[in-house]
Amino acid sequence: QVQVVESGGGLVQAGGSLRLSCTASRLTFDAYAMGWFRQTPGKEREGVSCISWNGGRTYYADSVKGRFTISRDNTRNTLYLQMNSLKPEDTAMYYCAASQYIDCSGSWSSTSNYAYWGQGTQVTVSS
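Let me begin by describing the structure that accompanies this report.

Cut-offs used in this document
Residues numbered from 1 in each chain as written. Predicted model: local features only at pLDDT ≥ 70, side-chain atom pairs only at ≥ 80, totals over all residues. Heavy atoms only, no water. Salt bridge = Lys/Arg side-chain N within 4 Å of Asp/Glu carboxyl O. Buried < 20%, exposed > 50% of the residue type's maximum accessible area, 1.4 Å probe, protein only. Core = buried A, V, L, I, M, F, W, Y, C linked by side-chain atoms within 4.5 Å. Helix = DSSP H or I, 4+ residues; strand = E, 2+ residues; numbered from the N terminus. Contact = heavy atoms within 4.5 Å. Phe/Tyr/Trp six-rings, centres within 6.5 Å; stacked < 30°, edge-to-face > 60°. Lys NZ or Arg CZ within 6 Å of the ring centre and 35° of its normal.

**Quick notes on the pattern of salt bridges**
- Applying the stated criterion to the full structure yields five salt bridges.
- For the salt bridge of Glu46 with Arg38, the shortest nitrogen-to-oxygen distance reads 2.7 Å.
- The class for Arg38 is buried, based on a relative accessible area of 6%.
- Ionic pairing is found between Asp62 and Lys65, a salt bridge with its closest N-O pair at 3.2 Å.
- Residue Asp62 is classed as exposed on the basis of its relative accessible area of 65%.
- Salt bridges linked by common partners bring Arg38, Glu46, Arg67 and Asp90 together as one network.

**Quick look at the nonpolar core**
- Ranked by internal contacts, the top residues of the largest apolar core, which has 28 residues, are Met34, Trp36, Phe68, Leu79, Leu81, Met83 and Tyr94.
- Broken down by secondary-structure element, the contributors of at least two residues to this core are strand 3 (18–25), strand 4 (34–39), strand 5 (46–51), strand 7 (68–73), strand 8 (78–83), strand 9 (92–99) and strand 11 (121–126).
- Setting aside its immediate chain neighbours within four residues, Leu81 contacts Leu18, Arg19, Leu20, Trp36, Val48, Ser49, Phe68, Thr69, Ile70 and Tyr94.
- Counting eight residues, the second-largest nonpolar core is a separate cluster that includes Ala33, Phe37, Tyr95 and Cys104.

**Some words on the packing of aromatic side chains**
- With the rule as written, the count across this model stands at four aromatic pairs.
- Each member of the aromatic cluster is reached from another via a ring pair, and the members are Phe37, Tyr114 and Trp117.
- For Arg45, the ring lying beneath its charged end belongs to Tyr95, and the centroid distance is 3.6 Å.
- Taking NZ or CZ as reference, Arg72 lies 4.5 Å from the ring centre of Phe29, over its face.

Structure below.
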């Protein structure tokens, strides 16, 4: 059974940084594009970023461009999200997901493109 586990969330002041990690097991990690999503209560889950199977292509939501960086280490089956210049509006539960595809498609931010999901890690940014 595939397992996806996020870590690294926490409480940080506005302007600060966090790095989220996501490990996947029982999965051919380098055969999947990987994504980060976030969700706040009462709102739909939104795509934050996606990275292709070999890290060659990355995509970002406009709201995080220039502040967040997605990366992956296929030797460790691990995905990362470096978050800098955090804002209170970045507060959310952050989820890692493995895509059904090897690359990020034009609809990379659609949750329906992802087959496996973690349980999430909470990020709270105080003002």
